[in-house]
Amino acid sequence: VFHGRILARRVVGQETRYEVEVTARYRQRFPLVAREYLWVPSTCGCPELLEGREYLLMARRHVNHEHTLNRILLQDGGYARPWTPREARLVREAARHC
């Protein structure tokens, strides 16, 4: 779970790739750097993440069996909410208990 600002959106094949500036990390099972690519397995723009806006995102690290693909994946129906101080507080509190 992390707080990020969408810098760019690009359709690549049958997927959408977002360039994200990682602002804060709440629940971290894998390392994140200041800028990451977030992949969505569709081109429909679902969920709709707008450039320049900030979101709370829950994604997972996806590594294929050959270990040739290592990326951050926002699954269909994944958690992507506009960032607000209230949302950030709720996620911080939940991260302390989980």
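All values derive from a computational prediction rather than experimental measurement.

### Comments concerning the pattern of salt bridges
1) Next: Using the criterion set out here, one finds four salt bridges in the structure.
2) Next: A salt bridge links Arg5 to Glu21; the nearest nitrogen and oxygen atoms lie 2.6 Å apart. In this pair, Arg5 is assigned in strand β1 (residues 2-12) and Glu21 in strand β2 (residues 15-25), connecting sequence segments 16 residues apart.
3) Next: Residue Glu21 is classed as partly exposed on the basis of its relative accessible area, which comes to 27%.
4) Next: One salt bridge in this structure joins Arg71 and Glu15, with 2.6 Å as the shortest N-O distance. Highlighted residues: Arg71 in strand β6 (residues 70-73) and Glu15 in strand β2, separated in sequence by 56 residues.

### Topic: the side chain of His3
1) Next: Tracing the backbone through its elements, the reader meets His3 in strand β1.
2) Next: In this structure His3 comes out as buried when scored by relative accessible area, which is 5%.
3) Next: Within the structure, the side chain of His3 is placed 2.5 Å from the side chain of Glu54, a separation counted as a polar contact.
4) Next: Not counting the four nearest positions on each side in its chain, His3 is found in contact with Glu21, Val22, Thr23, Ala24, Tyr26, Glu54, Tyr55, Leu56 and Trp83.

### Regarding the sheet that holds strand β3 (residues 35-40)
As a general point, the strands of a sheet are linked pairwise by backbone hydrogen bonds and lie either parallel or antiparallel.
1) Next: Reading across the sheet, the seven strands line up as β5-β6-β3-β2-β1-β4-β7 and stay open at both edges, with mixed pairing between neighbours. Strand pairing shows two members of the sheet lacking a second neighbour, β5 (60-63) and β7 (80-82), which therefore form its edges. The sheet shows a mean angle of 45° between the axes of neighbouring strands, direction not considered.
2) Next: Examined bridge by bridge, β2 and β3 share six bridges and lie antiparallel to one another.

### Some remarks on the nonpolar core
The tendency in soluble globular proteins is for nonpolar side chains to be buried side by side.
1) Next: With 16 residues, the main nonpolar core has Phe2, Tyr18, Leu38, Leu49, Leu57 and Leu74 as its most contacted residues.
2) Next: Sorting the residues of this core by element identifies β1, β2, β3 and β4 (54-57) as the ones contributing at least two each.
3) Next: A per-element tally of this core places β2 first, with three residues.

### Focus: the side chain of Glu36
1) Next: With respect to the helices, strands and loops of the structure, Glu36 is situated in strand β3.
2) Next: We note that Glu36 is buried and unpaired, the nearest opposite charge coming from Arg61 at a distance of 4.5 Å.
3) Next: A polar side-chain atom of Glu36 sits 2.9 Å from the main-chain amide nitrogen of Val33.
4) Next: When near neighbours in sequence (up to four residues on either side) are disregarded, Glu36 contacts Tyr18, Glu19, Val20, Val22, Pro31, Arg61 and Ile72.

### Remarks on the environment of Ala34
1) Next: Its place among the elements puts Ala34 in the loop between β2 and β3.
2) Next: Separated by 42 residues in the primary sequence, Ala34 and Asp76 place their C-alpha atoms 24 Å from one another.
3) Next: Setting aside residues no more than four positions away along its own chain, Ala34 makes contact with Val20, Glu21, Val22 and Arg25.

Rules of the game
Residues numbered from 1 in each chain as written. Predicted model: local features only at pLDDT ≥ 70, side-chain atom pairs only at ≥ 80, totals over all residues. Heavy atoms only, no water. Salt bridge = Lys/Arg side-chain N within 4 Å of Asp/Glu carboxyl O. Helix = DSSP H or I, 4+ residues; strand = E, 2+ residues; numbered from the N terminus. Buried < 20%, exposed > 50% of the residue type's maximum accessible area, 1.4 Å probe, protein only. Polar contact = N/O pair within 3.5 Å; in protein donor to acceptor, adjacent residues only side chain to side chain. Contact = heavy atoms within 4.5 Å. Pairing = 2+ DSSP bridges. Axes fitted to C-alpha atoms, helices over the stretch in contact; angles between N-to-C directions. Core = buried A, V, L, I, M, F, W, Y, C linked by side-chain atoms within 4.5 Å. Lys, Arg positive; Asp, Glu negative; His and termini not counted.

Spatial relationships are all this shows, so hold off on functional conclusions.
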